[in-house]
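# Fold and contact review
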Amino acid sequence: MSLFNLLSRRDFLVQGALAGASANALPLVSPGPSPQPPAQQATSDVQHSTTPVTHILADWLVACPPSDVPDSVRKEAVRSIVNWVGVTVGGSGQQAVLRALSTLQPYTRSSTAHLFGRSEALDPLRAALITGISSHVLDYDDTHLETIIHPAGPVASALFSLAQSRLVSGADLLHAFILGTEIECRLGKAIYPSHYDMGWHITGTCGVFGAAAACGRILGLNAQQMRWALGVAATEAAGLKIMFGSMCKSLNIGRAAENGLLAALLAANNFTSSDESIEGHEGYIFAASRQHDYAPLVDGLGQHYEIALNTYKPFACGIVIHPIIDGVIQLRNEHNLKATDIRSISIRANPLVLELTGKKTPATGLEAKFSVFHSAAVVLVRGFAGEKEYTDEAARDPQVIALRERVSVSVDPAIRTDEAYVTITTTGGQTFTKHIEHAVGSLKNPLTDKDLSFKFTQLASGILPSAQIEKLLTSAWNLPAQHNAGDLPRLGALA
């Protein structure tokens, strides 16, 4: 049954929730061919692979025909693009976008690439940067839960910027998108969780590889050039978790898109790099993780696709908070709870909740997106957790601040990432508990196409005219049939 058969349009973002993508907690990646000590004893003495990973991936990227990709995978890729366009339009007016755009415009000589939700146009490289920032700034984008990578942002931002400088069919762009996200997520699986635990922002670091691979496919790179493109991406890869809560978090995605496009363009002009950039001694994996597993990079390549595991957020915040938001909203609605009625909100959840969203006193909307304390409080006060609940105003709301002091969190590794236990105790002594087993939006309970269309429309409303929103949404759903994929960002730009 569609979520929209159960919820009203307004209630969609009130009651929906998205968290983990599988029945298991985020797994610890098993050691690769050369066993490593346990995580707490890990050293940086990582062995390189005897498997020519960079060669294998480059050869596959160049040779993989669209006919190898199942229809179900293409469908999920289209859903990913629809969600990405919506959140990119929705983020187009945020301060991070405005400040980056005003900084870059004086130095931009060409204006061939349009921006979703904006009237300005830039050169393709700068357009990839701004589009990547816009796609991620709301923290409302897609998530590959096994790695916590947001696959579409870097790859789609680079592809649609490139597609405006040459004729690329929608079908070809979609195929390149599938291949790019495959490289991005497989690399993430190889180095997660060590890479993430070291402080790297994995979407930024792995996203540049996906963007390079996808753009390299569109540019028609040969196998040698594709190896070079992956190598350039390897030396460009960056992004730090310490930036969460600041404008730099979305900058990481913008730079991954821009740098990935640059890597492909350089390789197309025979700009050389190492042929062992991923697996070689002192290569990317050696430098970026203490523990790793090379197998996910090549095992089953072309037989299964990671984009098929993509999930989509109905809440504009860190994804590990979503089952908690779901629980608080359900209890609020079932028992007609008011903020003034609440003595305490107690939460039991996966350890990643405090690791990623443990900010107790967020001062800005960006910081609030990474605060489980703010999220639990704001949804009890306001009844939902959309874009407006993560503004500076919401973070400074006295009623929200007072309630978040009554939120406590305990962690349990046995609890999955899409699961949470929420207990609310009232000032009158009543206790209500909710167990969220699988939040709406997870693979166990996915958002429908209708849900994604509604989310798209809500995000674009107030930015684009209604008729333009409808046309853009229809075009996004019909991307595989589009003669010119570059028409999509032009259609999504302000006149």
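Here the structure is a predicted model, which means the values were calculated and not measured.

What counts and how
Residues numbered from 1 in each chain as written. Predicted model: local features only at pLDDT ≥ 70, side-chain atom pairs only at ≥ 80, totals over all residues. Heavy atoms only, no water. Helix = DSSP H or I, 4+ residues; strand = E, 2+ residues; numbered from the N terminus. Rg over C-alpha atoms; globule rule 2.2 N^0.38 Å. Buried < 20%, exposed > 50% of the residue type's maximum accessible area, 1.4 Å probe, protein only. Areas by Shrake-Rupley, 256 points an atom, 1.4 Å probe, with all protein chains shown as cover. Lys, Arg positive; Asp, Glu negative; His and termini not counted. Charge placed at Lys NZ, Arg CZ, Asp CG, Glu CD. Disulfide = S-S within 2.5 Å. Pairing = 2+ DSSP bridges. Salt bridge = Lys/Arg side-chain N within 4 Å of Asp/Glu carboxyl O. Phe/Tyr/Trp six-rings, centres within 6.5 Å; stacked < 30°, edge-to-face > 60°. Lys NZ or Arg CZ within 6 Å of the ring centre and 35° of its normal. Core = buried A, V, L, I, M, F, W, Y, C linked by side-chain atoms within 4.5 Å. Contact = heavy atoms within 4.5 Å. Expected span 1.5 Å × (residues − 1). UniProt positions renumbered as here; feature names shortened; annotations may be inferred. Polar contact = N/O pair within 3.5 Å; in protein donor to acceptor, adjacent residues only side chain to side chain.

## Digging into the overall build of the chain
Scanning the chain from terminus to terminus reveals 23 helices and 8 strands. Relative to the 2.2 N^0.38 estimate, which gives 23 Å for 495 residues, the radius of gyration of the chain is 22 Å and therefore close to what a compact globule would have. In terms of its C-alpha atoms, the chain occupies a principal-axis envelope of roughly 70 × 60 × 45 Å. Counting only residues that meet the buried cut, the chain has 60% of its 495 residues in that class. In the structure as shown, the chain presents an accessible area of about 18100 Å², 51% of it carried by carbon and sulfur atoms. The chain carries 38 positive and 44 negative side-chain charges, and their two centres are separated by 7 Å.

## Some remarks on the state of the cysteines
The term disulfide refers to a covalent linkage connecting the sulfur atoms of a pair of cysteines. Under the defined criterion, the tally for this structure stands at 0 disulfides. Looking at C248, it has no disulfide partner, and the nearest cysteine sulfur is the one in C206, 19 Å off.

## Some details on the pairing of strand β7 (residues 420-426)
Looking along a regular strand, one sees side chains alternate from face to face of the sheet. Among the 7 residues of β7, 5 are classified as buried, and the element is accordingly described as predominantly covered. Bridge count for strand β5 (residues 342-349) against β7 is 7 bridges, and the pairing is antiparallel. Each bridged residue has a counterpart across the sheet, and for I347 the counterpart in β7 is V422. The sheet contact formed by β7 and strand β8 (residues 431-436) spans 6 bridges and is antiparallel. Note that in β8 the partner of Y421 across the bridge is H435. The antiparallel pairing of β7 with β8 creates a hairpin that spans 4 residues between the two strands, and G429 there sits at a positive phi of about 95 degrees.

## Describing the pattern of salt bridges
Within the structure shown, the criterion is met by 21 salt bridges. Among the salt bridges present, the one from R255 reaches E258, with a minimum N-O distance of 2.7 Å. Highlighted residues: R255 and E258, both in helix α12 (residues 248-268), separated by 3 residues, approximately one helical turn. Note on R255: relative accessible area 39%, which makes it partly exposed. Given the relative accessible area of 5%, E258 is considered buried. Look at the salt bridges and you will find they share partners, linking K75, E76, R79 and D449 into a network.

## A word on the packing of aromatic side chains
Considering all chains together, one arrives at 7 aromatic pairs under this definition. Clustering of aromatic rings is evident, with ring pairs tying together W84, F116 and F160. Sitting above the plane of the Y421 ring, R348 keeps its charged end 4.3 Å from the centroid.

## Description of the nonpolar core
With 146 residues, the main nonpolar core has F209, I324 and I345 as its most contacted residues. Per element, the largest residue contribution to this core is 11 residues, and it comes from helix α10 (residues 202-219). With sequence-adjacent residues up to four places away left out, I324 is seen in contact with I347, A349, V353, V372, A420 and V422.

## Some points on unusual backbone geometry
For the bond running from Y192 to P193, omega is 5 degrees, close enough to zero to count as cis. With respect to the helices, strands and loops of the structure, P193 is situated in the loop between α8 (170-191) and α9 (194-197). For N270, which is not a glycine, the phi torsion comes out positive at approximately 60 degrees. When you line up the elements, N270 lands in the loop between α12 and α13 (284-288). Positive phi, normally seen in glycine, also occurs at E282, with a value near 65 degrees. Tracing the backbone through its elements, the reader meets E282 in the loop between α12 and α13.

## A closer look at helix α4 (residues 71-90)
Spanning 20 residues, α4 covers 29 Å between terminal C-alpha atoms, matching the ideal 28 Å at 1.5 Å per step. Counting buried positions along α4 yields 16 of 20 residues, so the element is predominantly enclosed.

## Comments concerning the pairing of β5
One ladder, built from 5 bridges, connects β5 with strand β6 (residues 407-411); its direction is parallel. If you follow I347 over to β6, its bridge partner there is V409.

## Notes on helix α15 (residues 322-335)
Its 14 residues give α15 an end-to-end C-alpha distance of 20 Å, which sits within 8% of 20 Å, the value for a rise of 1.5 Å per residue. Taken together, the buried positions of α15 are occupied by H322, P323, I324, I325, D326, G327, V328, I329 and L331. N336 occupies a position one or two residues after α15 and carries a positive phi of about 50 degrees.

## Regarding the UniProt feature "domain: MmgE/PrpD N-terminal" (unreviewed entry) in the chain
The sites that UniProt annotates as "domain: MmgE/PrpD N-terminal" (unreviewed entry) are residues 57-294. With 61% helix and 3% strand, residues 57-294 has its two end C-alpha atoms placed 12 Å apart.

## As for the side chain of E419
Looking at where E419 falls in the secondary structure, it is placed in the loop between β6 and β7. Here R416 takes part through its backbone nitrogen, which lies 3.0 Å from a polar atom of the side chain of E419. In terms of polar contacts, E419 uses its side chain to reach the side chain of H435, at 2.7 Å. Here E419 is in contact with P323, A414, H435, I436 and E437, once residues within four sequence places are set aside.

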